[in-house]
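One-letter residues, chain by chain:
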Amino acid sequence: MAVSLRIRVLFSTVIAGTTLLTSPFVPAVPATAAPAAPVSAPRPGPGPVDHLYGSEVRVIPGQATAKVVALTFNAAWDVDGLDTVLKVLRQQKAPATFFLTGHFAERHPEAVRAIATAGHGIGNHSHTHPPFAELTREERAEEVSLAQAAIRQAGAVPLPFFRFPYGDTAPEQIAEVNALGYADIEWTTDTNGYKGAAGGMSVQKAVKRALDALVPGEIVQMHVGSLDGQGPVLDAQALPQIIDAVRSRGYRIIDLPTLVAGADAPRP
């Protein structure tokens, strides 16, 4: 009888909300707990590139009339064309910015160090190059942070620049990378050299794509390596012609890292 009475008392106090029963797997939640607040969009904080926050950068800011061009390379696969690219840039005294995936940095740390030692900027191109629209916010943040860590582990200090995989941007995702301290740097044109001969490309077609889109502030996107890891790296072969052609038209090749700390790229 006494046991039965204790059970009825315990039951009544649970219903009244004055006693909570818990298990090792389910945390106790007070009966009066307020509903969780909705998750708000991340707010970009101040930083060395906060003047670039809020939009995707597809031409060099502040260069609407200046005849300047920036050369950029994505690196997510092999390093087959890197030695040629670095040699041409050194011979031509031309700067470039390399956007690396974390996986590339993990597999080729010596390549990361070679790029940094040559004085070129290194940006973040995600860790595994996934379509960002298919990820959650947390997964996207992890892609950025893991790539950052891998680049640093390889021995380089990355710029606060992020380039979305496939160039697939969205305003809310740009706000997310801004909140992590990165400006979104995309491109004016892609040479498509990464497609290789199997994809219908050639050196001359890659050069033509760079020149057809030539405007003040153009950002040219090229790639280190080839998509299938076979055949010549067309962008490496096209690079000398691209540099010669843009300079022959009165353009200077400038360094994207000059956009850091609020300084626009220098005018001619």
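Preceding block: the structure.
Cut-offs used in this document
Residues numbered from 1 in each chain as written. Predicted model: local features only at pLDDT ≥ 70, side-chain atom pairs only at ≥ 80, totals over all residues. Heavy atoms only, no water. Axes fitted to C-alpha atoms, helices over the stretch in contact; angles between N-to-C directions. Helix = DSSP H or I, 4+ residues; strand = E, 2+ residues; numbered from the N terminus. Parallel < 35°, antiparallel > 145°, perpendicular 65-115°, else oblique. Left-handed = near helix turned anticlockwise from the far one by under 90°. Contact = heavy atoms within 4.5 Å. Phe/Tyr/Trp six-rings, centres within 6.5 Å; stacked < 30°, edge-to-face > 60°. Buried < 20%, exposed > 50% of the residue type's maximum accessible area, 1.4 Å probe, protein only. Lys NZ or Arg CZ within 6 Å of the ring centre and 35° of its normal.

## Details of the packing of helix H7 (residues 203-212) against helix H8 (residues 234-248)
- Packing of H7 against H8 brings their axes to within 9 Å, and their N-to-C directions diverge by 45°. In terms of orientation, H7 and H8 fall into the oblique class. Here H7 and H8 pass one another in a crossing that is right-handed. Between H7, through Val203, Gln204, Ala206, Val207, Ala210 and Leu211, and H8, the contact on the second element is made entirely by Leu234, Asp235, Gln237, Ala238, Gln241, Ile242, Ala245 and Val246.

## Some thoughts on the packing of aromatic side chains
- Scanning the model with the defined rule gives 6 aromatic pairs in all.
- A centroid spacing of 5.0 Å and a plane angle of 85° characterise the contact between Phe162 and Phe164, whose relative ring orientation is edge-to-face.
- In this structure Phe162 comes out as buried when scored by relative accessible area, which is 0%.
- Chaining the aromatic ring pairs together yields one cluster made of Phe132, Phe162, Phe164 and Tyr182.
- Here Arg58 stacks its cationic end above the ring of Trp187, 5.0 Å away from the centre of that ring.
- Seen from the ring of Phe99, Arg163 lies directly overhead, with NZ or CZ sitting 4.1 Å from the centre.

All we've got here are geometric facts, nothing functional implied.
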